[in-house]
Each structure stands twice: as C-alpha cells, then as structure tokens.
Amino acid sequence: MASGCVFECSYCYLQDYINSPGIVLAGNLEDFFEAFKNYKQNITICSGELTDSLVFDHITEYSPRIVEFFKQYPQSTFEFKTKSNNIDLLKTVEPSPNIVVGWSVSPSFIVETTEFYTASLKERLKAAEECAQAGYKVAFHLDPVIFYPNWDDDYKVLID
C-alpha cells in the first residue's frame, strides 16, 4: 500500500532496495479490498515491508478502514508493523481480534544511534501499552538483532 520510508535506519534493506528519496502512498485502498474479497482464502497480511505501516496514518487515514474491513474476515489476520507511535486513529475504532499492531524494538542504544527519526523505545512501548489497553493485540519484533559490545546485556534489558 506504500513504499519508501522517512525513517533512516542505517541497517535497513530499504536503503538499498528502493534507493529512492520518494514516498509512494497508494490512493486505491478500495482496490485492495476488492482484490482481497475475490481471493477467497484466509491469510495473514503483514504491512510494513516496504514502509512503516503507521507513520503516514494521520495523512492516509487507512488504519480505521483496514480494521473495519478485516472485521468481515475473522479467519484472516492483518498486522500493522511500525517503529512509530502514530496510533491516534487506531484508537478511534473498535479493535478486532484478528488485528495486530506490531513494533520493531531494539535496545535504546540502537534506536538512538541507528534508527534515525523513529519513535524512541519508550515512545513505542507507551504506544503499545495504549493499543493493548484499547483492546488490540500487540507484538514485538526483534529484527534485526545487532551485535556490538555489550549487546547481550542491552537485549536482556530490552526483553525485561
């Protein structure tokens, strides 16, 4: 539904894969919904492979529409993957059990030194807590795990 990312994570494959300064936001969400209706299979969709799922949500206003659409398909799962804390619109719609909001998390050292322009670890955890309190399923992704001096101690702190 989009490609390109405003976040500048130094390790991200998008830096080389897309290698374009532009951001492409799909304007045809209804076409996706129609194609999904015709697919006739239960699947898991993880958005956020080519951009952050929620960073532009205040512009596209897609998250409430996606949540409402997938309520009709309870055997399928939709996951919003993000490094942002842009969850205001998600909180305006009643969650569905098949919607997951997932955060990529790293130790604070990695967030501060390699994940430029992203929400801080503390902001991501606060957003996850708010989504959980609103009734959403939340997930955490440790990807990638980056090795550096004292990495194991920092990841233990993160997991705790």
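It should be emphasised that the depicted structure is a prediction, and the values quoted were computed from it without experimental measurement.

Rules of the game
Residues numbered from 1 in each chain as written. Predicted model: local features only at pLDDT ≥ 70, side-chain atom pairs only at ≥ 80, totals over all residues. Heavy atoms only, no water. Core = buried A, V, L, I, M, F, W, Y, C linked by side-chain atoms within 4.5 Å. Buried < 20%, exposed > 50% of the residue type's maximum accessible area, 1.4 Å probe, protein only. Helix = DSSP H or I, 4+ residues; strand = E, 2+ residues; numbered from the N terminus. Contact = heavy atoms within 4.5 Å. Polar contact = N/O pair within 3.5 Å; in protein donor to acceptor, adjacent residues only side chain to side chain. Patch = residues over 30% accessible without salt bridge, like charges linked within 9 Å, V, L, I, M, F, W, Y side chains within 5 Å. Areas by Shrake-Rupley, 256 points an atom, 1.4 Å probe, with all protein chains shown as cover. Salt bridge = Lys/Arg side-chain N within 4 Å of Asp/Glu carboxyl O. Phe/Tyr/Trp six-rings, centres within 6.5 Å; stacked < 30°, edge-to-face > 60°. Pairing = 2+ DSSP bridges. Axes fitted to C-alpha atoms, helices over the stretch in contact; angles between N-to-C directions.

Student: Before we go on, may I ask you to explain the nonpolar core in this structure?
Tutor: The nonpolar side chains of a soluble globular protein tend to be buried, and buried together. Core analysis: the biggest nonpolar cluster contains 29 residues, and Ile66, Phe70, Phe80, Leu90, Val101, Trp103 and Tyr136 have the highest contact counts within it. Secondary structure elements with two or more residues in this core: helix H2 (29–39), helix H4 (62–70), strand S5 (77–82), strand S6 (99–104), helix H5 (108–114), helix H6 (121–134) and helix H7 (151–159). Tallying contributions element by element places H4 first for this core, with five residues. Dropping the residues within four chain positions of it, Tyr136 is found in contact with Val67, Leu90, Val93, Pro95, Ile99, Val101 and Cys131.

Student: Would you mind going over the side chain of Ser84 with me for this structure?
Tutor: Within the secondary structure, Ser84 is located in the loop between S5 and S6. A relative accessible area of 5% places Ser84 in the buried class. Side-chain polar atoms of Ser84 contact the backbone nitrogen of Asn86, separated by 3.2 Å. When neighbours within four sequence positions are excluded, Ser84 is seen to be in contact with Phe7, Asp52, Leu54, Val55, Trp103, Ala119 and Arg124.

Student: Is there a simple way to think about a nonpolar patch on the surface in this case?
Tutor: On the surface, a cluster of nonpolar side chains totalling about 300 Å² of accessible area is made up of Val6, Ile23, Leu25 and Ile59. Within the secondary structure, Ile23 sits in the loop between helix H1 (14–17) and strand S3 (24–25). With relative accessibility at 32%, the residue Ile23 sits in the partly exposed group.

Student: What should I look at first to understand the side chain of Thr82 in this one?
Tutor: Mapped onto the secondary structure, Thr82 falls in strand S5. Setting aside anything within four residues of it in sequence, one finds Thr82 in contact with Asp52, Leu54, Gly102, Trp103 and Ser104.

Student: What am I meant to see in the packing of aromatic side chains here?
Tutor: For any two aromatic rings, the description comes down to two numbers: the centre-to-centre distance and the angle of the planes. Per the stated rule, a full pass over the model turns up 14 aromatic pairs. Measuring from ring centre to ring centre gives 5.8 Å for Phe36 and Phe69, while their planes differ by 80°; the resulting arrangement is edge-to-face. Taken together, the residues Phe36 in helix H2 and Phe69 in helix H4 connect sequence positions 33 residues apart. Note on Phe36: relative accessible area 6%, which makes it buried.

Student: Sorry if this is basic, but what is going on with the pattern of salt bridges here?
Tutor: Opposite charge on two side chains permits pairing when their charged atoms draw close. Within this structure, the stated rule accounts for seven salt bridges. Two residues, Lys37 and Glu34, come together in a salt bridge whose shortest N-O distance is 3.1 Å. Residue Lys37 and its partner Glu34 are both found in helix H2; the two are separated by three residues, about one turn of the helix. Measuring nitrogen to oxygen at the nearest pair gives 2.7 Å for the salt bridge that ties Glu130 to Lys91. Linking Glu130 in helix H6 with Lys91 in the loop between S5 and S6, this pair joins segments that are 39 residues apart in sequence. Glu130 sits in the partly exposed class, given a relative accessible area of 21%. The network of salt bridges with shared partners includes Lys83, Glu115 and Arg124.

Student: Hey, could you run me through the sheet that holds strand S8 (residues 137–141) in this one?
Tutor: Paired through backbone hydrogen bonds, the strands of a sheet run either parallel or antiparallel to each other. The four strands are arranged S4-S5-S6-S8 in an open sheet whose pairing can be described as parallel. Edge positions in the sheet fall to strand S4 (44–47) and S8, since each of these pairs with one other strand and no more. Adjacent strand axes in the sheet meet at a mean angle of 25° when their direction is disregarded. In the sheet, S6 pairs with S8 via five bridges, with the strands oriented parallel.

Student: Honestly, H4 in this entry has me stumped. Any pointers?
Tutor: An α-helix turns once every 3.6 residues. As a result, residues three or four positions apart point the same way. Most of H4 is tucked away, with seven of its nine residues classed as buried. Those residues of H4 that are buried lie in contact with H2, S4, helix H3 (57–60), S5 and S6.

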